[in-house]
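Structure assessment
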Amino acid sequence: MNRWVQGFLAVCAAPLAGVLWIEADAASPDDKRSGVEFVSPQTRQLQEDDTSNPGMLWVLEGEQLWQEPAGYRATACADCHGAAETVMRGVATRYPQLDEQSERTVDLQGRVNLCRTRHQEAAALAFESQELLALTAFIGYQSRGMPLTASEDERLTPFIDSGRRLYSRRMGQLDLACADCHDARWGQRLSGSLIPQAHPTGYPVYRLEWQTVGSLQRRFRNCMVGVRAEPFDYGAPEMVDLELYLRQRAAGLPIETPAVRP
Amino acid sequence: MRSMINVPKTAKAGEIIEIKTMIAHPMETGYRTGTNGTTIPRNIITRFVCTYDGEEVFSADLFPAVAANPLIAFTTVALRSGTLTFAWTDDSGATQSESVEIVVA
Amino acid sequence: MSAEPDTVHRVALRGRLGRRALLAGAIGITALAMVRPAQARPGLDAAVADFAGGREVQAGRVRFDIPPLVENGNAVGVSIAVESPMTQLDHVTRIALFNEKNPQADMVVFHLGPRAGRAAVSTRVRLATSQTIVALAEMSDGSVWSARANVVVTLAACIEDLL
């Protein structure tokens, strides 16, 4: 065990006398739990009250952006799609998926940008920009309560496999894979915080640590910095493949956008 | 900045109503260090005022310790039908106002 | 159980000085530098005395709801309610919160009057570390009442790898 992992373990073990680095089983399909079950009662209450949930500010922003004309032809999302409350219902449960034109996987924010560049002739929205977060929060919110689905599109198989390999691959100075914490040690503690199972049910999420809404890609980068790995770039294919694998893995859990997490 | 205001649309005369407000704002404390080592300048909302038909009924002085996207919840007596106005003022002196109508029977 | 803010990053300072270790160390040092302002500042008792303007601060009449254990100090929900008829002759004029270990003692001051109906306010505050918070209520007759709470913060506010 290298010095970094020793130091890491010492920090985790010190305040929690008696807790060792125990092996535990990965969550069985019956024991799939959303991240909301691992947060404090106060944080859970924040998420469940629409009048207190800070993420709702982004949903409201997205509702407005949906109507706003953009691009060379000054068209709004609503001009093609109509009312989001009906047309966008269930959409977030089916992402990431395959984009027919490029034959690559695309996540929801990628799809928003493809719509902007291909159909609205507008510039793509920057990653983690308020506008992109607001639109994806608004679209995700339309599927709130609906279960994430596992894709049965066989063309996605190589991308899902890529995502699974990324999830299981040790990385960084701390030499940890996603699976090491989120499959093997969910429910245990990392420096005082409970380790969740890593299901992408509430994104974009209002993370208390960020004091703002952020995407799943931002969360991946946080985790990768946490294990002292070089984080994937925003928009990298690895990001979307990993997100696709997490979607398959989380299938059945309801969407919670906009979720609140610590 | 996007704001969310929760006020009952109608109330009985003399009823105490609950008001919940939230506004999107980073409430940058001025104590944080950026990636290049320099301090991120302070930028917070310093004052929140609620007026009922022009008369101030509630206000708050905010400091950097107030969380980002500040939520402020309070009560007021529904005296008569009218306009409730909410104003947030920041460090630069800029003010954002939002108004809602209330019908008091 | 309280975790010191620098415990989370202490691991980054170990290891040989190599390029990667230096990067990790730099992140650790930056994090410690961000926490340092919490050390020297006017005390909690001084801030309370200043608010009370020399008047006696009595314990009571203030119900202060704040969770005793907080998983992230960036957004801690607080509610303060004060027993008062809220009439023209007898009402709460100000409700204030002060803290012990943030960079500054002031947090928020609410101004109320008989138009409030009830002296009940809620907001969300930031807590840099585990500490004592005091809620004060000033009445129309000049009396000042208070309630204290100790809060354990398991992850400090305002520390983030800005990436």
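For every chain, the first residue of the written sequence is number 1, and numbering continues from 1 onward in sequence order. Written order decides the labels, with chains lettered from A and ligands numbered from 1. Per-residue local features of the predicted model are confined to residues with pLDDT of at least 70, and side-chain atom pairs are confined, for both listing and counting, to 80 or more; whole-chain, interface and lining totals are unaffected and use all residues.

Let's shift gears to the overall build of chain A. Elements are defined by DSSP. Helices are runs of H or I of four residues or more, strands are runs of E of two residues or more, and each kind is numbered from the N terminus. Helix and strand content of chain A: eleven helices and seven strands. Out of the 262 residues belonging to chain A, those deemed buried represent 39%. Counted over contacts in chain A with a minimum sequence separation of 6, partners at least 24 positions apart contribute 73%. Any residue with 12 or fewer other C-beta atoms within 10 Å of its own C-beta is exposed, any with 20 or more is buried, and the rest are partly exposed; the C-beta atoms used are placed from the backbone. Two residues form a contact once the distance between their C-beta atoms, set from the backbone, is within 7 Å.

Moving on, we get to the overall build of chain B. The helix and strand tally for chain B stands at zero helices and eight strands. Moving toward the C terminus, one meets the helices and strands of chain B in the order β-β-β-β-β-β-β-β. Based on the C-alpha atoms only, the size of chain B along its principal axes is roughly 60 × 20 × 20 Å. For chain B, the residues scored as buried account for 33% of the 105 residues in total. When contacts within chain B are restricted to residue pairs at least 6 apart in sequence, long-range pairs at least 24 apart make up 54% of them.

Reports of interface size often rely on the accessible area that becomes lost once the parts have come together. With ten residues of chain B at the interface, the matching set in chain A holds nine residues. Mapped onto the side of chain B that touches chain A, the elements with two or more residues apiece are β1 (3–6) and β3 (16–23) of chain B. Note on residue classes: Ala, Val, Leu, Ile, Met, Phe, Trp, Tyr, Cys and Pro are nonpolar, Asp, Glu, Lys and Arg are charged, and everything else, Gly too, is polar. Taken together, the residues of the side of chain B that touches chain A sort by class into six nonpolar, two polar and two charged.

What follows is about the nonpolar core. Counting residues in each nonpolar core, the largest one holds 113 residues, and the members touching the most others are C:Ile95, C:Ala119 and C:Val125. Ranked by the residues each element gives to this core, the list is headed by helix α7 (residues 130–141) of chain A, at eight residues. The residues touching C:Val125, leaving out its near neighbours within four places in the chain, are B:Ala65, B:Val66, B:Ala67, C:Val76, C:Val78, C:Leu97, C:Met107 and C:Val108. Note on terminology: a nonpolar core is a set of buried residues of type Ala, Val, Leu, Ile, Met, Phe, Trp, Tyr or Cys, with members joined through C-beta atoms within 7 Å.

Contacts between chain C and chain B engage 30 residues on the former and 26 residues on the latter. Those elements giving two or more residues to the side of chain C that touches chain B turn out to be α2 (19–35), β6 (106–111) and β7 (119–125) of chain C. A per-class count over the side of chain C that touches chain B returns 16 nonpolar, nine polar and five charged. Looking at chain direction, strand β6 (residues 71–77) of chain B and β7(C) are connected through two bridges and run antiparallel. Bridging across to β7(C), B:Ala73 finds its partner in C:Ser122. At least two bridges found by DSSP between two strands is the condition for calling them paired.

With respect to topology, six strands assemble into an open sheet ordered β1(B)-β3(B)-β6(B)-β7(C)-β4(C)-β2(C), the strand pairing being antiparallel. On the outer flanks of this sheet lie β1 of chain B together with β2 (62–65) of chain C, each paired with one strand and no other. Geometrically, the sheet is characterised by an average inter-axis angle of 15 degrees between neighbouring strands, direction not taken into account. Where strand β4 (residues 76–82) of chain C lies against β7(C), seven bridges are found, and the strand directions are antiparallel. Each bridged residue has a counterpart across the sheet, and for C:Ala81 the counterpart in β7(C) is C:Ala120. Axes, fitted as lines to C-alpha atoms, cover a helix only where it is in contact. Angles between the N-to-C directions of the axes lie from 0 to 180 degrees.

Turning our eyes to something else, we now look at the sheet that holds strand β7 (residues 260–261) of chain A. Residue and element names in this part refer to chain A. Pairing is mixed across the open sheet formed by three strands, whose spatial order is β6-β5-β7. Here the strands that pair on one side only, and so sit at the sheet edges, are β6 (212–214) and β7. Strand direction decides the pairing type here: strand β5 (residues 205–207) and β6, joined by three bridges, are antiparallel. Counterpart to Val205 in the pairing with β6 is Gly214.

Turning next to helix α10 (residues 216–226) of chain A. Residue and element names in this part refer to chain A. Within the span of α10, buried status applies to Leu216, Gln217, Arg218, Phe220 and Arg221. The elements touched by buried residues of α10 are β6 and α11 (237–250). Phi turns positive one or two residues past the end of α10, at Arg228, with a value near 60 degrees.

This part covers the environment of A:Pro147. Residues and elements named next belong to chain A. Mapped onto the secondary structure, Pro147 falls in the loop between α7 and α8 (157–168). A C-alpha to C-alpha distance of 23 Å links Pro147 and Leu57, two positions 90 residues apart in sequence. With sequence-adjacent residues up to four places away left out, Pro147 is seen in contact with Thr93, Gly252, Leu253 and Pro254.

Residue and element names in this part refer to chain A. Scored by pLDDT, chain A comes out at a mean of 90, with 89% of its residues at no less than 70. Values of pLDDT, which run from 0 to 100, indicate the predictor's confidence residue by residue. Least confident of the elements in chain A is helix α1 (residues 3–13), whose mean pLDDT is 57; most confident is α7, at 98. Within the model, pLDDT remains below 50 along residues 13–25, and this stretch shows nine contacts once partners closer than five positions in the same chain are excluded.

What follows deals with the environment of B:Lys20. Within the fold, B:Lys20 resides in strand β3. Placed twelve residues apart in sequence, B:Lys20 and B:Arg32 show a C-alpha to C-alpha distance of 29 Å. The residues contacting B:Lys20, other than those within four sequence positions of it, are A:Thr51, B:Asn6 and B:Ala73.

Moving on, we get to the pairing of strand β8 (residues 95–104) of chain B. Walk down a regular strand and you will see the side chains alternate between the two sheet faces. All names here are of chain B. Burial analysis of β8 places just one of its ten residues in the buried class, which makes it a mostly uncovered element. Direction of pairing for strand β2 (residues 10–11) relative to β8: parallel, over a ladder of two bridges. Residue Ala11 lies in a different strand from β8, and its bridge partner there is Val104. Looking at chain direction, strand β7 (residues 82–90) and β8 are connected through eight bridges and run antiparallel. The partner of Thr83 across the bridge, within β8, is Glu101. Hairpin remark: β7 followed by β8, antiparallel, with four residues in the connecting loop; positive phi at Gly93, about 95 degrees.

Residues and elements named next belong to chain A. Position of Arg247 relative to the elements: it lies in helix α11. A tally of 26 C-beta atoms within 10 Å means that Arg247 is categorised as buried. Separated by 175 residues in the primary sequence, Arg247 and Tyr72 place their C-alpha atoms 34 Å from one another. Look past the residues within four positions of Arg247 in its chain and what remains in contact with it is Pro96, Leu148 and Pro200.

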